[in-house]
Amino acid sequence: MIWKKCLLKAREKVGEDALKNPVYEWKTVKKTRARSTPWTDEQIALDERDVTRNEQRFIIPIPYCRFPECQMAVIDGIEQEIKQVIDLSPRWTAIQVKAYKE
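In this text the structure is predicted, and so the values were computed from the model without any measurement. (Residues numbered from 1 in each chain as written. Predicted model: local features only at pLDDT ≥ 70, side-chain atom pairs only at ≥ 80, totals over all residues. Heavy atoms only, no water.)

A few words on the overall build of the chain. Scanning the chain from terminus to terminus reveals two helices and six strands. For the chain, the sequential pattern of α-helices and β-strands runs β-β-α-α-β-β-β-β. Counting every position in the chain, which comprises 102 residues, the buried fraction comes to 32%. (Helix = DSSP H or I, 4+ residues; strand = E, 2+ residues; numbered from the N terminus. Buried < 20%, exposed > 50% of the residue type's maximum accessible area, 1.4 Å probe, protein only.)

This is the structure we're talking about:
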């Protein structure tokens, strides 16, 4: 298994601008590791959409009940938006992220 460094980040309100709009910053809420997990054949067959091509899944060794509230994962230095958090109790949590390929 190839484990990669992973930072889980959440948006935190830090103030307001001159027009009273909220200003947010990304705050690291958890440092952990993640491993890429492939889509199953059934998911690919059922989802003949772009989702399987544009999104990736990673497994994280944190129980679902202790997984922090976050919107972004930084895996191998690449920021990825978390689209779904999947319960794989009792030991794991899977995240589905938007993959931005260059």
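Next comes the rest of the account.
This paragraph deals with the sheet that holds strand 1 (residues 4-16). Through backbone hydrogen bonds, the strands of a sheet pair up, either in parallel or in antiparallel fashion. Taking strand neighbours around the barrel as the criterion, the six strands line up as 1-2-3-6-5-4 in a closed arrangement whose pairing is antiparallel. Direction aside, the axes of adjacent strands within the sheet are offset by 45 degrees on average. Relative to strand 3 (residues 55-60), strand 2 (residues 22-37) is paired through three bridges, and the arrangement is antiparallel. Within strand 3, the position partnered with Thr37 by the bridge is Arg57. (Pairing = 2+ DSSP bridges. Axes fitted to C-alpha atoms, helices over the stretch in contact; angles between N-to-C directions.)

Ranked by size, the top nonpolar core spans 13 residues in total, and within it Cys6, Leu8, Ile60, Phe67, Ala73, Ile82 and Ile95 carry the most contacts. Where this core is concerned, the elements lending two or more residues are strand 1, strand 3, strand 4 (72-75) and strand 6 (92-98). In contact with Ile82, not counting residues within four places along its chain, are Leu8, Cys70, Gln71, Met72, Ala73, Ile95, Gln96 and Val97. (Core = buried A, V, L, I, M, F, W, Y, C linked by side-chain atoms within 4.5 Å. Contact = heavy atoms within 4.5 Å.)

It is worth spelling out the pairing of strand 5 (residues 78-88) at this point. Relative to strand 5, strand 4 is paired through four bridges, and the arrangement is antiparallel. Across the sheet, Ala73 pairs through a bridge with Gln80, a residue of strand 5. With antiparallel pairing between neighbouring strands as the criterion, strand 4 and strand 5 make up a hairpin whose turn holds two residues, including Asp76 at a positive phi of roughly 55 degrees. Pairing between strand 5 and strand 6: six bridges, direction antiparallel. Paired with Gln84 across the strands is Gln96, a residue of strand 6. Taken together, strand 5 and the strand that follows it, strand 6, pair antiparallel across an intervening segment of three residues.

Take the packing of aromatic side chains next. Tallying each qualifying case throughout the model produces one aromatic pair. Between Trp3 and Trp92, the aromatic rings sit 5.9 Å apart at their centres with planes inclined by 10 degrees, giving stacked as the arrangement. Linking Trp3 in the segment before strand 1 with Trp92 in strand 6, this pair joins segments that are 89 residues apart in sequence. Under the relative-accessibility criterion, Trp92 is labelled partly exposed at 22%. (Phe/Tyr/Trp six-rings, centres within 6.5 Å; stacked < 30°, edge-to-face > 60°.)

Residue Pro90 follows Ser89 across a cis peptide bond; omega there is 10 degrees. In this fold, Pro90 is placed in the loop between strand 5 and strand 6. Even without being glycine, Asp76 reaches a positive phi, approximately 55 degrees. For Asp76, the location among the structural elements is in the loop between strand 4 and strand 5.

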